[in-house]
Amino acid sequence: MSVLDRIRIGLLGLGLLFVATGLLPAGEALGQMERIAPILLFLGAVVILAELTKEAQVFDVIATRMAAAGRGNYVALFLLCTAFASLVTMFLNLDTTAVLLTPVMLALAARTGIAALPLAMTTVWLANTASLLLPISNLTNLLAMERLDMSVQEFAGRLWFPQLVSIAVTMVFLWVFFWRRGRRGADRYDPPVPEPIADPVLFRTAAVVCLLFIAAILLELPIEVAALAAAMLMIAAFAWRDRSKLTVALFPWQLLVFVTGLFLVIPTLSRYGLSEVTSALAGTGDGAEGAYRASAVGAGLANLINNLPAYTAVEKVIPMGNQDQLLALLIGTNVGSVITPWASLAILLWFEWCRRSGVRVPIPTFVLAGAGLAVVGVGATVGALLLTA
């Protein structure tokens, strides 16, 4: 069992201990579980969907054709990679980008002679900064949409411009720190040769299921139902064509244990002092000052303890009617969680993939570049939110 798995199980055990000892009343704990039940269903289903989509080679084919479309031009490849990573994050969530797109990009780097770090940083930064648009993009979005009682279209309508600004700022930082000529180490790259698709039927099925899943979201079907239906279709397809891929490892128990533990531990800490501290820092105003304060507290806390507990801790102290302040908090915890290696689960997963692939990530560069992106990105994105209020 890995260290991360022990931490996840320990977090759940600590939460259950809080309930057993009465530090977290059973009624409040039950309310927390009722709140996250649809979220847990969605997370479990969407991870299975994404994993089977990867096994059907959909991501590999897109990445290879994307590199071929760039025709050796780094500017074209940069634009294609940032678009691909952003779309995967928005429509399949940030953990999918970190877990599934990262190894695809690293394999692509090895086949084409492209420096691995620019591709890797593209996935990890956009996994966080491109996760504002849709409720499925990030678990924090699901919580915010539920708190604000907004539809999917209302949520996306409020955040589409801030999302564009966040991606644009990220692209500037990616180019300056990792993609420009002095950083990537080459003028051109060798376009890869497309590899044959192992099972064209599975490939086409996965592509169609993903499109149907996106359509269901846009039609405002319950996202947990849409994800479950899509996952079941993919499971049925693999049961027909390749049962060897249907293993217990598909079930993302680690993620579900981690989320459940957080929703028991953070409410307990909030009862014993955390709420007072965050309330004093974030304030209660719904104007520009309140928005920037909430975003700064969210970003700072996310880089200290992880973005999910940071969001849930600060959300509790924001008045119910403060929509702009809550959305600014969301921006802080999503866009700002790019400084420390533990700021989001996606970053933790990304570091693990880089370690397995032998990609060296200079920590000082990661932290300093991430700090710059967090400050500029959060500031500009909150500004875009206030402009469209």
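Under an unreviewed UniProt entry, the chain has the name Na+/H+ antiporter NhaD/arsenite permease-like protein and belongs to Streptosporangium lutulentum. Per UniProt, the chain has the following entry under Subcellular location (unreviewed entry): "Cell membrane".

Caption draft 1: Region of interest: the nonpolar core. Counting 137 residues, the largest nonpolar core has Met121, Trp125, Trp179, Phe213 and Trp350 as its most contacted members. A per-element tally of this core places helix H2 (residues 26-55) first, with 12 residues.

Caption draft 2: Summary view of the side chain of asparagine 138. Position of asparagine 138 among the secondary structure elements: in the loop between helix H6 (116-129) and helix H7 (139-148). You can call asparagine 138 buried: its relative accessible area is 5%. When sequence neighbours within four positions are dropped, the list of residues in contact with asparagine 138 reads Leu94, Ser131, Asn307 and Asn334.

Caption draft 3: Structural detail: the pattern of salt bridges. In total, this model carries seven salt bridges according to the counting rule given. For aspartate 199, the salt bridge goes to arginine 241, with nearest N and O atoms at 3.0 Å. Taken together, the residues span a long stretch of sequence, with aspartate 199 in the loop between helix H9 (181-184) and helix H10 (200-218) and arginine 241 in helix H11 (residues 223-241) at a distance of 42 residues. We classify arginine 241 as partly exposed; its relative accessible area is 36%. Here aspartate 242 makes a salt bridge to lysine 245, at a shortest N to O gap of 3.2 Å. Given a relative accessible area of 22%, aspartate 242 falls into the partly exposed group. Note on lysine 245: relative accessible area 30%, which makes it partly exposed. Salt bridges here are not isolated pairs; linked through shared partners, they connect Glu51, Lys54 and Glu55.

Caption draft 4: Fine view of the environment of leucine 387. Counting through the fold element by element, leucine 387 comes out in helix H17 (residues 363-387). Exposure remark for leucine 387: the relative accessible area of 71% places this residue in the exposed category. A sequence separation of 80 residues divides leucine 387 from asparagine 307, and the C-alpha atoms of the two residues are 25 Å apart.

Cut-off values and rules
- Residues numbered from 1 in each chain as written.
- Predicted model: local features only at pLDDT ≥ 70, side-chain atom pairs only at ≥ 80, totals over all residues.
- Heavy atoms only, no water.
- UniProt positions renumbered as here; feature names shortened; annotations may be inferred.
- Core = buried A, V, L, I, M, F, W, Y, C linked by side-chain atoms within 4.5 Å.
- Buried < 20%, exposed > 50% of the residue type's maximum accessible area, 1.4 Å probe, protein only.
- Helix = DSSP H or I, 4+ residues; strand = E, 2+ residues; numbered from the N terminus.
- Contact = heavy atoms within 4.5 Å.
- Salt bridge = Lys/Arg side-chain N within 4 Å of Asp/Glu carboxyl O.

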